[in-house]
Amino acid sequence: MRARTLFGLSLSLALIFSMLLSACATPTAPPATEAPKTEAPATEAPATEPAKTEAPATEPAKTEAAQPEAKKYEIAVVVKLTGIPWFNTMEKGVKRAAEELGVNAYQTGHTTDDPAQQAKVIEDLIAKGVDALCVVPNDAKSLEPVFKKAKDKGIIIITHESPDQVGNDYDLELIDNKKFGEHNLDMLVKFMGDSGEFAVYVGSLTVPAHNMWADAALAYAKEKYPNLKQVGDRYPVSEKVDDARKQTLDLIKAYPDLKGILAFGSQGPIGAAQALQEKGLADKIAVVGTVLPSQALPYLKDGSLKHGTLWNPADAGYGMVWLAKYLLDGNKVTDGMDVAGLGKATLKDRVLVIDAALDITKENAESLGF
Amino acid sequence: MRRLWKYQETYVALVIVLLSCAITLLNPNFLTLENLFDLLKSYTFLGILSIGVLFVLISGGIDISFTAVATVAVYTTMYVTLQHGGNIATVLLMSAAIGAGLGLINAVIIHFFNIPSIITTIATLNVYYGLLTVFSGGTWLYNMPEWFRRFAETNVISLVNPDGVPYGLSVIPLIWFAVILAAWVILHYTMLGRGIYALGGNLASAQRTGFNILALHLFVYSFMGLLAGIAGVVEVMLAQRVATNSMVGKELDVIAAVVLGGASLTGGVGTLWGTLLGVALVGIIGNGLTLMRISSYWYNVFIGLVIIVSVGVSAYRRKLQRRRKMSVEVE
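Residues numbered from 1 in each chain as written. Chains lettered and ligands numbered in written order. Predicted model: local features only at pLDDT ≥ 70, side-chain atom pairs only at ≥ 80, totals over all residues. Heavy atoms only, no water.

1. Re the overall build of chain B
And step 1. Of regular secondary structure, chain B possesses 14 helices and two strands.
And step 2. Out of the 331 residues in chain B, the part that is buried amounts to 56%.
And step 3. The contacts in chain B between residues at least 6 apart in sequence include a share of 76% that link residues at least 24 apart.
And step 4. Working note: accessible area of chain B is about 14,400 Å², and carbon and sulfur atoms make up 68% of it. (Helix = DSSP H or I, 4+ residues; strand = E, 2+ residues; numbered from the N terminus. Buried < 20%, exposed > 50% of the residue type's maximum accessible area, 1.4 Å probe, protein only. Contact = heavy atoms within 4.5 Å. Areas by Shrake-Rupley, 256 points an atom, 1.4 Å probe, with all protein chains shown as cover.)

Structure below.
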């Protein structure tokens, strides 16, 4: 993050480099997630029937066989960045949805968490002509122009982790962001006590969800725990273990009385815990935040990480694709509807919220399976 | 003494001293052995890579692919190690060997097809990283072996700070020190080192002087690859997991640190001393901003300004000098 400005030094270099890289990294139409599974249309038949009205009923035998191939919706899921465990798990949900719902759903994205690259990936998908886009935005604002383009082409847009998004159809949340932020702070208080200094990490200062949780947690802290004191501003280090580790080592020296770290972003708590473990400070400073259970397990066990929170990314992937298909089929979204079998959702200003937050402790981390 | 002001290294050193004074005034915790030890450990990764980049830049080339080389080398190594076991020596050797091999491929393409090194290595970055993505499926490796974890936590010097918290010099920077020593010997005491400077200064002259250009190319790029392989292991030691995407994207940070330290992108110029200063400056800025309790929102602005100041002054002096020389010629 911070060193990114160093790039200015070799600006011309950077230009050539990024141009070539992005040219190579444009999503090469993922292999149409495994040809039509025959059992999928069969089990789904009743639900999808209304959408397939144009199929002439005169020669049922022939069209039946050809239908799944021709009528399959193409639903692209664009994640913040590819190749990290969080989104690998999400992809599992997307693949499951593709199979079970009989749609051509696949996950793609850029290899970096650069908002501009994400917009480019989406533009390519629009040009390719997908039916729906499910997006986990790096930066809500920078996607507005491409979303408008997609809307003009009649593409359905579902977002995740971006409740204030402009230009989408619906945003799906698997947690109530405000409650989630407050819950995390409660957990931090549980382990550090209700007074003292604490620091807040986020993935970057533009990631919508992380900052929303931080906003909620900080507002809640002000109101309920007046003796808690946040040091510095929020630190944008939670996407990389070594950034979070370095930041934690620096903070220990800058604020010798630091008692807690609240880290939003899956690598932040790990980096912080790693630093505390190295320094032997696990008993003095409590780390709480969003983590992947399998990666967090050793740190939960040795106590350098006190408590983890999250939701299941596979459910998010499945839910987004489900919602996209639901809309493509011409259905209406209503308050209190059941989404993808994940639970009842509340609808407010195009944001669908299902409360499916998980608490991750050393007891259950192993059994969660992701 | 006057000669010193001709080198960018001098200005970088000056900026480091001024910055260190400022940070220490605001937070005396900066100038402690503990902070120094922590910084050395955190910047070993950048430090090792920067030496490889220095060699390539001096030789008149550039390498962009080293982060991918590091990732492929350490991923393969740890994957094999997790299945078949090993020890710290086999891990370092294997990763270094894979890195050197991939670097050798770069060298062969650059030398025999005569493709500019920047194009070649951008291409190989994508090939190496792409293949890794295909074969790993983006899966990260967790649960590093117990002996690996223990080695990473080893301290060679152990002390206790005034608050009673133990700290120490990790074994990890020793790897960096060893690399520095090797690089210093090669650059200053061998014909190979002279050859690398000659190659970057002027290829045709180097050839006519009798240097074996092929051998020099092979050495420079495989040395870069070898160091990348070692740096990859260091990164995993610090993070205790192998990630597929944690290193790729940091190429320009490393190159910037080396250029900051006075190496020229056009070749033939660069010192080990300067590269160490470049890395030190990058490390001190990041560390110092937090220690000075500056708001994280200002980090990028500050980093940019420090770079402009440290590179700008020496560049401006060079410009003045050139003007002075020109006027002499006219008279």
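2. Some points on the pairing of strand E5 (residues 170–173) of chain A
All names here are of chain A.
And step 1. A two-sided burial pattern is seen for E5, the buried positions comprising Tyr-170 and Leu-172 on one face and Asp-171 and Glu-173 on the other.
And step 2. Pairing between strand E4 (residues 156–160) and E5: three bridges, direction parallel. Of the residues in E5, the one forming a bridge with His-160 is Leu-172.
And step 3. For E5 and strand E13 (residues 351–353), the ladder comprises three bridges, and the chain directions are parallel. Bridged to Asp-171 within E13 is Val-351. (Pairing = 2+ DSSP bridges.)

3. A closer look at the interface of chain A and chain B
How big an interface is tends to be stated in terms of accessible area lost as the parts join.
And step 1. Taken together, the contact between chain A and chain B spans 54 residues of the former and 55 residues of the latter.
And step 2. Summed over both partners, the interface of chain A with chain B buries about 4,800 Å², with 60% contributed by carbon and sulfur atoms.
And step 3. At the boundary of chain A with chain B, the tally comes to five salt bridges.
And step 4. Lys-253 of chain A is the partner of Asp-38 of chain B in a salt bridge, and the nearest nitrogen-oxygen pair spans 2.7 Å.
And step 5. Broken down by secondary-structure element, the contributors of at least two residues to the side of chain A that touches chain B are helix H1 (11–25), helix H4 (85–101), strand E8 (235–236), helix H9 (241–254), helix H10 (268–279) and helix H11 (293–302) of chain A.
And step 6. Per-element tally for the side of chain A that touches chain B: the top contributor is H9 of chain A, with eleven residues.
And step 7. The residue inventory of the side of chain A that touches chain B, partitioned by class, reads 28 nonpolar, twelve polar and 14 charged. (Buried area = accessible area lost by both parts, 1.4 Å probe. Salt bridge = Lys/Arg side-chain N within 4 Å of Asp/Glu carboxyl O. Nonpolar A, V, L, I, M, F, W, Y, C, P; charged D, E, K, R; others polar.)

4. Points about the nonpolar core
And step 1. Within the largest apolar cluster, 203 residues are counted, with the highest numbers of intra-cluster contacts made by Leu-185 and Tyr-201 of chain A.
And step 2. Examining the composition of this core, we find that 16 residues originate from one element, helix H11 (residues 213–239) of chain B, more than from any other.
And step 3. Formed jointly, this core draws a minimum of three residues from each of two domains, domain 1 (62–175 + 313–356) and domain 2 (177–310) of chain A.
And step 4. Core analysis: the next-biggest nonpolar cluster, separate from the first, contains 17 residues, Val-130, Leu-133, Leu-143 and Val-146 of chain A among them. (Core = buried A, V, L, I, M, F, W, Y, C linked by side-chain atoms within 4.5 Å. Domains from an automatic or database assignment.)

5. Regarding the side chain of Ser-304 of chain A
And step 1. Following the sequence through the fold, Ser-304 of chain A ends up in the loop between H11 and strand E11 (307–310).
And step 2. A polar side-chain atom of Ser-304 of chain A sits 2.7 Å from a polar atom in the side chain of Asp-302 of chain A. (Polar contact = N/O pair within 3.5 Å; in protein donor to acceptor, adjacent residues only side chain to side chain.)

6. Examining the pairing of E4 of chain A
Residues and elements named next belong to chain A.
And step 1. Counted residue by residue, E4 has five buried out of five residues, so it is predominantly covered.
And step 2. Across the two faces of E4 the burial is the same, with Ile-156, Ile-158 and His-160 and Ile-157 and Thr-159 all buried.
And step 3. As defined by bridge partners, strand E3 (residues 132–135) adjoins E4 across four bridges and the pair is classed as parallel. Residue pairing for E4: Cys-134 is matched across the bridge by Ile-158.
And step 4. For the segment spanning E3, helix H6 (residues 144–152) and E4, crossover handedness is right-handed. (Right-handed = clockwise from strand over helix to strand, strands pointing away.)

7. A word on the sheet that holds E3 of chain A
All names here are of chain A.
And step 1. Judged by pairing direction, the sheet is mixed, and its seven strands sit side by side in the order E2-E1-E3-E4-E5-E13-E12 without closing on themselves. Strands at the two margins of the open sheet, each flanked by one partner only, are strand E2 (104–108) and strand E12 (346–348). Each neighbouring strand pair of the sheet contributes to a mean axis angle of 20°, computed without reference to strand direction.
And step 2. Here strand E1 (residues 74–78) runs beside E3; their pairing, made up of four bridges, is parallel. Paired with Ala-76 across the bridge in E3 is Leu-133.
And step 3. Most of the contacts of helix H5 (residues 115–128) go to E1, to which it runs at about 175°, and overall it touches E1, E2 and E3. (Axes fitted to C-alpha atoms, helices over the stretch in contact; angles between N-to-C directions.)

8. With respect to a positive patch on the surface
And step 1. Together, Arg-3, Lys-6, Arg-318, Lys-319, Arg-322, Arg-323 and Lys-325 of chain B give the surface a local cluster of positive charge.
And step 2. Taking relative accessible area as the criterion, Arg-323 of chain B reaches 47% and is therefore assigned partly exposed. (Patch = residues over 30% accessible without salt bridge, like charges linked within 9 Å, V, L, I, M, F, W, Y side chains within 5 Å. Lys, Arg positive; Asp, Glu negative; His and termini not counted. Charge placed at Lys NZ, Arg CZ, Asp CG, Glu CD.)

9. Section: the side chain of Ser-296 of chain B
And step 1. Considering the arrangement of structural elements, one finds Ser-296 of chain B in the loop between helix H13 (272–291) and helix H14 (299–330).
And step 2. For Ser-296 of chain B, a relative accessible area of 6% corresponds to the buried category.
And step 3. At 2.6 Å, the side chain of Ser-296 of chain B forms a polar contact with the backbone oxygen of Arg-234 of chain A.
And step 4. Other than its neighbours up to four places away in sequence, Ser-296 of chain B contacts Asp-233, Arg-234, Tyr-235 and Pro-236 of chain A.

10. Re unusual backbone geometry
All names here are of chain A.
And step 1. Positive phi, normally seen in glycine, also occurs at Glu-161, with a value near 60°.
And step 2. Note that Glu-161 resides in the loop between E4 and E5.
And step 3. In this structure, Asp-349 is a non-glycine residue whose phi angle is positive, near 50°.
And step 4. Mapped onto the elements of the fold, Asp-349 is located in the loop between E12 and E13.
And step 5. Under the relative-accessibility criterion, Asp-349 is labelled exposed at 65%.

11. Let's talk about helix H7 (residues 177–192) of chain A
Residues and elements named next belong to chain A.
And step 1. Taking 1.5 Å of rise per residue, the 16 residues of H7 would be expected to cover 22 Å, and the 23 Å separating its terminal C-alpha atoms lies within 8% of that figure.
And step 2. Within the span of H7, buried status applies to Asn-177, Phe-180, Gly-181, Glu-182, Asn-184, Leu-185, Met-187, Leu-188, Val-189 and Met-192.
And step 3. Just downstream of H7, Gly-193 is the residue with a positive phi angle, here 90°. (Expected span 1.5 Å × (residues − 1).)

12. Comments concerning empty space enclosed by the protein
One water molecule sets the probe size; rolling that probe over the atoms shows where empty space is left.
All names here are of chain A.
And step 1. Counted according to the given criterion, the structure contains four cavities of 30 Å³ or more.
And step 2. Of the voids in this model, the largest cavity is the one considered here, and its volume is about 160 Å³.
And step 3. Of all the elements in the fold, those that place two or more residues in the lining of the largest cavity are H4 and helix H8 (208–224).
And step 4. Its residues assigned to classes, the lining of the largest cavity shows six nonpolar, four polar and three charged. (1 Å grid on protein atoms, 1.4 Å probe; cavity = no way out; pocket = protein on both sides within 12 Å on 5 of 7 lines; lining within 4 Å. Points joined across faces, edges and corners; volume = space filled by probe spheres on them.)

13. Observations concerning the packing of H7 of chain A against H8 of chain A
Residue and element names in this part refer to chain A.
And step 1. Following both chains from N to C, one finds H7 and H8 inclined at 60°, their axes separated by 7 Å at the closest point. In terms of their interaxial angle, H7 and H8 are classed as oblique. Our pair here, H7 against H8, has a crossing hand that is right-handed. Across the interface between the two elements, Asn-177, Lys-178, Phe-180, Gly-181, Glu-182, Leu-185 and Asp-186 of H7 pack against Met-212, Trp-213, Ala-216, Ala-217, Tyr-220, Ala-221 and Lys-224 of H8. (Parallel < 35°, antiparallel > 145°, perpendicular 65-115°, else oblique. Left-handed = near helix turned anticlockwise from the far one by under 90°.)

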